[in-house]
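Take a look at the letters that make up each chain.
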Amino acid sequence: MDTPDKTQTAIKSLATTCEAIAHGRFDDVDELYDVVTNEGVPEDIRALAETFAGMVVQVEAREFHASQLIADLTETRRLLEAAEAKLKKENAVLRTRLDKLDVTYDEKQAELEIQQVTDSDYFRSLQSRAKSLRSKFKTDP
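Residues numbered from 1 in each chain as written. Predicted model: local features only at pLDDT ≥ 70, side-chain atom pairs only at ≥ 80, totals over all residues. Heavy atoms only, no water.

Participant: For this particular structure, what's the right way to read the overall build of the chain?
Facilitator: Summing up its helical and strand segments, the chain has five helices and zero strands in all. Listing every helix and strand of the chain by position from the N terminus yields α-α-α-α-α. Scaling as 2.2 N^0.38, a compact globule of 141 residues should have a C-alpha radius of gyration of about 14 Å, whereas the chain reaches 45 Å, well beyond that. Dimensions of the chain, computed from C-alpha atoms along their principal axes, come out at roughly 130 × 45 × 15 Å. The proportion of buried residues among the 141 residues of the chain is 16%. Considering only residue pairs separated by 6 or more positions, the chain has 52% of its internal contacts joining residues 24 or more positions apart. Roughly 12000 Å² of accessible area belongs to the chain as shown, and the carbon and sulfur atoms make up 57% of that amount. The distance from the centre of the 20 positive side-chain charges to the centre of the 28 negative ones in the chain is 21 Å. (Helix = DSSP H or I, 4+ residues; strand = E, 2+ residues; numbered from the N terminus. Rg over C-alpha atoms; globule rule 2.2 N^0.38 Å. Buried < 20%, exposed > 50% of the residue type's maximum accessible area, 1.4 Å probe, protein only. Contact = heavy atoms within 4.5 Å. Areas by Shrake-Rupley, 256 points an atom, 1.4 Å probe, with all protein chains shown as cover. Lys, Arg positive; Asp, Glu negative; His and termini not counted. Charge placed at Lys NZ, Arg CZ, Asp CG, Glu CD.)

Participant: For this particular structure, what's the right way to read the side chain of Ser13?
Facilitator: Tracing the chain through its elements places Ser13 in helix 1 (residues 4–22). Using a relative accessible area of 16% as the deciding quantity, one classes Ser13 as buried. Discounting chain neighbours no more than four positions away, the residues touching Ser13 are Glu31 and Val35.

Participant: Explanation requested: helix 1 in the structure shown.
Facilitator: Because the α-helix completes a turn every 3.6 residues, residues three or four places apart line up on one side. With 19 residues, helix 1 ought to run about 27 Å at 1.5 Å a step, and its terminal C-alpha atoms sit 26 Å apart, in line with that. Buried within helix 1 we find Thr7, Ala10, Ser13, Leu14, Thr17, Cys18, Ala20 and Ile21. Along helix 1, the residues classed as buried sweep out an arc of 155° about the axis, all on the same side. Residues of helix 1 that are exposed and angled more than 90 degrees away from the buried face: Pro4, Asp5, Thr9, Lys12, Glu19 and Ala22. Where helix 1 is buried, its residues meet helix 2 (29–37) and helix 3 (43–100). Residue Gly24 follows helix 1 closely and has a positive phi angle near 85°. (Expected span 1.5 Å × (residues − 1). Arc of directions from axis to C-beta.)

Written out as structure tokens, the structure reads:
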């Protein structure tokens, strides 16, 4: 039978447990189950305790899922940092190789090389041959 004493005790227990849950402490959840199973407590109070117990299960599941996500993100971050370090090292090696391959254009050197080619007998003979071929094709109908 429902007594005001048992109802008052159940409500206090429910309030204390809910306050603890609101602050992230799930140690007193067993008290909710005690209220749910106590047939001396009014049905509506037991139903309320059962609803809170269901909410606790959902909150714990979300917190577990969130902690798993955090662990996954932490591992992903570690992998990304390792990949970044590897890429920085590879970029440094490539920069060094590129610096070794750095080619500069020296205009005076280019002019000198062009002059050497155009002053050669071989180049003059090619020019002469090209000139004669052009004149041959201009005169032929």
